[in-house]
Amino acid sequence: MERTNSIRRKAMARQHKAEVMIAGEQLRLRLHDGKLIKDRRYHLRTYPNCFVAQELIDWLVSHKEVPDRATAVCLMQHLMDNEIVHHVCDKRPVFKDAKLLYRFRKDDGTFPFNTEVKIFMRGQRLYEHLIGDKNSVLQLREEHGVAYQRSFPGCQLIDWLLQNGEAESRSRGLELCRALQEHGIIQHVVKKHDFFDSGLLYQFCINFRRRRRLSELLHESEQDNDEGVAVSTQEDNHSDSPFVLRRNPPQEANNGFPSVKSNKDLKQVTSGRRGSLNSLQLHSAGFPPLVQLSPASVLRCNPESVLRRNVTCEELMAPGAPFIKKVLTVIGDALGWGFVVRGMAPCYVQAVDPGSPAAAAGVKVRQFVCQVNGQCVLYLDYRTVSRLVMTGPRIAVLEILEPLK
């Protein structure tokens, strides 16, 4: 029992390390998009791909990533401690809120690609491949009367590894899967068994696509000594969790995600700590919850429906109905597509992130979703439509019906 607990603690610590790496990479990409990372000159020398600490702290506070500058400094120090960022001259082991230059190690090639990192990257690549596979082994399955979202039998995963050239033999496939389990990337659905080439069910512990918030990483690191690492990596699929695919955090004061900007009375949603995969929470295959504010954040109810009245499928399809059919192509980015769908049939767009790929493609609230990538979804509920989008390709072709104005 003691050995099992020790292994589990090590896996959770490695899982937390993976969460830090993912969050750091997501932050790095956002800073590149925002032009905060660029070549800078200091004392007649040019430092490529770096950022000014003071400017970054300003950015984190203004984008509601942190409540204050002191927290922002703690978060960046956490990334430094985990070898994600460093001072350009490696002279300062402490992150300071000053006009000092720092750089992401991935931007200068100094990121430590040790065995642990290589296993993590292998797991991430396998996850992306499995999620994008049309006939993925990641499915809703039952074991002992309990259903587990995106689970897979160990033997089927090894079959898949062999078929896709990821393993030379079953023994090599088994070694890979056990390494993934040891590093906290996959686990038995009830954490009772090591990985076996059998019908036992396993799941990915890490949702690589979910949008991480740095504040949750800091909170998790504070719990390490007392509780082990409580890694928040699972997907939401609770009845009160909408299908949320967003690109950037909203700019409202409480970091909510309003469904319609013009409606001042709409409720806003924030997320609390993540639940377990066993709770069968379906969230957009890796894309973020609305926001992760702090350990004290509370999950409130969804915003009320944006529809002015209920509409049936028959009404939508009736000849002469006051709707315009459009075909929209949404090209998802690293953090998702950027829209919320709701409804039990027909399914409709509840909210759109203004800076997302969905908004750029013309997706708007109150549009009804008729087809996803050529498949009719008019009579399906939002959970099923969500799965079709998130398990499909990065390019989502939506056929929608838009009400005439």
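Values in this document were obtained by computation on a predicted structure and should not be read as measured data. (Residues numbered from 1 in each chain as written. Predicted model: local features only at pLDDT ≥ 70, side-chain atom pairs only at ≥ 80, totals over all residues. Heavy atoms only, no water.)

Take the confidence of the model for the protein chain next. Of the residues in the protein chain, 75% reach a pLDDT of 70 or more, and the chain-wide mean stands at 75. Here strand S9 (residues 243-244) stands out as the least confident element of the protein chain, with mean pLDDT 32; helix H6 (residues 154-163) is the most confident, with 94. Here residues 222-302 is modelled with pLDDT under 50, and outside its nearest four sequence neighbours on either side it reaches 253 contacts, counting other chains as well. (pLDDT = per-residue confidence, 0-100. Helix = DSSP H or I, 4+ residues; strand = E, 2+ residues; numbered from the N terminus. Contact = heavy atoms within 4.5 Å.)

Membership of the largest hydrophobic core comes to 55 residues, with the highest contact counts inside it found for Phe51, Met76, Phe95, Phe152, Phe195 and Phe204. Put simply, the parts of the chain that give this core at least two residues each are helix H1 (2-33), helix H2 (53-62), helix H3 (69-81), strand S4 (101-104), helix H5 (115-132), H6, helix H7 (170-182) and strand S8 (201-204). Examining the composition of this core, we find that seven residues originate from one element, H5, more than from any other. Val341, Val372, Val377 and Val389 belong to the second-largest nonpolar core, a separate cluster that totals 19 residues. (Core = buried A, V, L, I, M, F, W, Y, C linked by side-chain atoms within 4.5 Å. Buried < 20%, exposed > 50% of the residue type's maximum accessible area, 1.4 Å probe, protein only.)

Next up on the list: the packing of H5 against H7. When two helices pack together, their arrangement is given by the angle between their axes and by how far apart the axes lie. Axis separation between H5 and H7 bottoms out at 10 Å; the angle between their running directions is 105 degrees. Classed by the angle they form, the pair H5 and H7 counts as roughly perpendicular. Between H5 and H7, the residues in contact are Ile119, Arg122, Gly123 and Leu126 and Leu176, Ala179 and Leu180, respectively. When grouped by side-chain class, the residues that make up the contact of H5 with H7 number five nonpolar, one polar and one charged. (Axes fitted to C-alpha atoms, helices over the stretch in contact; angles between N-to-C directions. Parallel < 35°, antiparallel > 145°, perpendicular 65-115°, else oblique. Nonpolar A, V, L, I, M, F, W, Y, C, P; charged D, E, K, R; others polar.)

Per the counting criterion, the structure on display carries 18 salt bridges. The partner of Arg30 in a salt bridge is Glu65, with the nearest N and O atoms 2.7 Å apart. In this pair, Arg30 is assigned in helix H1 and Glu65 in the loop between H2 and H3, connecting sequence segments 35 residues apart. You can call Glu65 buried: its relative accessible area is 3%. Measuring nitrogen to oxygen at the nearest pair gives 2.8 Å for the salt bridge that ties Asp197 to Arg170. Of this pair, Asp197 sits in the loop between strand S7 (186-188) and S8 while Arg170 is found in helix H7, placing the two residues 27 residues apart along the sequence. Three or more residues joined by partner-sharing salt bridges are found here, namely Glu25, Arg28, Lys106 and Asp107. (Salt bridge = Lys/Arg side-chain N within 4 Å of Asp/Glu carboxyl O.)

Moving on: the pairing of strand S2 (residues 45-52). With four bridges connecting them, strand S1 (residues 38-42) and S2 associate as antiparallel partners. Across the sheet, residue Lys38 finds its bridge partner in S2, namely Cys50. Both S2 and S4 contribute to a ladder of two bridges, which runs antiparallel. Across the sheet, Phe51 pairs through a bridge with Tyr102, a residue of S4. (Pairing = 2+ DSSP bridges.)

Here we come to a nonpolar patch on the surface. Taken together, Val327, Ile331, Ile395 and Val397 make up a surface patch of nonpolar side chains, about 340 Å² in accessible area. Where the nonpolar patch is concerned, the elements lending two or more residues are strand S10 (323-331) and strand S15 (395-403). Along the polypeptide, Val397 turns up in strand S15. (Patch = residues over 30% accessible without salt bridge, like charges linked within 9 Å, V, L, I, M, F, W, Y side chains within 5 Å. Areas by Shrake-Rupley, 256 points an atom, 1.4 Å probe, with all protein chains shown as cover.)

Glancing now at the environment of Lys17. Tracing the backbone through its elements, the reader meets Lys17 in helix H1. On the basis of relative accessibility, which here comes to 18%, the residue Lys17 falls in the buried class. Between the C-alpha atom of Lys17 and that of Val117, which follows or precedes it by 100 residues, the distance is 9.3 Å. Not counting the four nearest positions on each side in its chain, Lys17 is found in contact with Asn82 and Glu116.

The next subject is the sheet that holds S4. With respect to topology, four strands assemble into an open sheet ordered S1-S2-S4-S3, the strand pairing being antiparallel. Edge positions in the sheet fall to S1 and strand S3 (85-87), since each of these pairs with one other strand and no more. Between one strand axis and the next, the sheet turns through 55 degrees on average, direction left out of account. Where H2 meets the sheet, its contacts fall on S1, S2 and S4, and the angle it forms with S2 comes to roughly 20 degrees. Seen against the sheet, H3 touches S2, S3 and S4 and runs at an angle of roughly 95 degrees to S3.

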